[in-house]
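Per-entry structural report
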Amino acid sequence: MSDMLHLQLEQNIQVSHHHIYLQDIARLSCSNPKILNKLRVMPVINLDKSKPGRYVMSAMDLVTLIQKQEPELEINTIGEPKFIITYTNRKNPSKIWEWCKIFFVGLASFFGAAFSIMTFNNDVDLGNLFSKIYSQVTGSPSSGFTILEIAYSAGVGLGVLFFFNHFGHMKLTSDPTPMQVQMRAYEDDVNTTILESPRQGENHTGSL
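Below you will find a few notes about this structure. (Residues numbered from 1 in each chain as written. Predicted model: local features only at pLDDT ≥ 70, side-chain atom pairs only at ≥ 80, totals over all residues. Heavy atoms only, no water.)

1. Details of the nonpolar core
- Of all hydrophobic cores here, the largest spans 28 residues; its most connected members are Leu22, Val44, Leu62 and Ile85.
- The element best represented in this core is helix α3 (residues 59-69), accounting for 4 residues.
- Those residues in contact with Ile85, other than ones at most four positions away along the chain, are Ile13, Val15, Ile25, Ile45, Leu47, Gly53, Arg54, Tyr55 and Met57. (Core = buried A, V, L, I, M, F, W, Y, C linked by side-chain atoms within 4.5 Å. Buried < 20%, exposed > 50% of the residue type's maximum accessible area, 1.4 Å probe, protein only. Helix = DSSP H or I, 4+ residues; strand = E, 2+ residues; numbered from the N terminus. Contact = heavy atoms within 4.5 Å.)

Below, the structure written as structure tokens:
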């Protein structure tokens, strides 16, 4: 009975070095420890060090490379038939630059959300609505700064916190936040687009 290799692949694998070995992009399990240790350090591709980006490969590329070294080995692939290698040059970013980016994103998010809320309130004429409700209930004209406006303002802030389930490092529940869900959906859409559009990625099957 020949040895069996189980090869598990994810849709997108991130690496920070241009010499790619099999253990960098796949989870391996083999009935023969010697073969397993040998295949872990098997060279797969040699990326251009000066060109970080996304590179598309298929499970069959890996099977072909493995069979060249172990012709008698049975291979069972688990997971994605095609996958993306995301190569990035890791550099220690400047702390000042990182804080500047955080500050800019925070300002853009704050004023963007404020503008959206104000345009919504203006579209539905919320101020006039509150004024009419206050006059009908109390019988006196609204000053524009009543319990309705105060409660609404506090409710918007609390509603945002409860909806996003996130405040600093604190979470109300263990569920993913809506932002995390949307970012994951976006990443899945990007990966699917790259895999289905060969021109968006580069297919490298050459070994080191």
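That shown, we press on.
2. Here we look at the layout of surface pockets
- Estimated volume of the second largest pocket: approximately 270 Å³.
- Taken together, 13 residues line the second largest pocket, and the ones lying closest to its centre are Asn12, Gln14, Arg54, Glu187 and Asn191.
- Of all the elements in the fold, those that place two or more residues in the lining of the second largest pocket are β2 (12-15) and α7 (178-196).
- It is α7 that provides the largest number of residues to the lining of the second largest pocket, a total of 7 residues.
- For the lining of the second largest pocket, the residue count by class is 3 nonpolar, 5 polar and 5 charged. (1 Å grid on protein atoms, 1.4 Å probe; cavity = no way out; pocket = protein on both sides within 12 Å on 5 of 7 lines; lining within 4 Å. Points joined across faces, edges and corners; volume = space filled by probe spheres on them. Nonpolar A, V, L, I, M, F, W, Y, C, P; charged D, E, K, R; others polar.)

3. A look at the environment of Pro33
- Following the sequence through the fold, Pro33 ends up in helix α2 (residues 33-40).
- Note: C-alpha distance between Pro33 and Pro81 (48 residues apart in sequence) is 25 Å.

4. Some remarks on the packing of helix α5 (residues 126-138) against helix α6 (residues 147-164)
- For the pair α5 and α6, the least separation of the axes is 9 Å and the interaxial angle reads 130°. As summarised for this structure, α5 and α6 are arranged oblique, according to the angle between their axes. For the pair α5 and α6, the contacting residues are Leu126, Phe130, Ile133 and Tyr134 in the first and Leu148, Glu149 and Tyr152 in the second.
- Looking at the contact of α5 with α6, its residues break down into 6 nonpolar, no polar and 1 charged. (Axes fitted to C-alpha atoms, helices over the stretch in contact; angles between N-to-C directions. Parallel < 35°, antiparallel > 145°, perpendicular 65-115°, else oblique.)

5. What about the sheet that holds strand β4 (residues 27-30)?
- Strand order in the open sheet formed by 3 strands is β4-β1-β7, with mixed pairing between adjacent strands. The sheet is open, and its two borders are formed by β4 and β7 (74-79), each paired with just one other strand. When strand polarity is set aside, the average angle formed by the axes of neighbouring strands in this sheet is 20°.
- Bridge count for strand β1 (residues 4-9) against β4 is 4 bridges, and the pairing is antiparallel. Residue pairing across strands places His6 opposite Ser29, the latter belonging to β4. (Pairing = 2+ DSSP bridges.)

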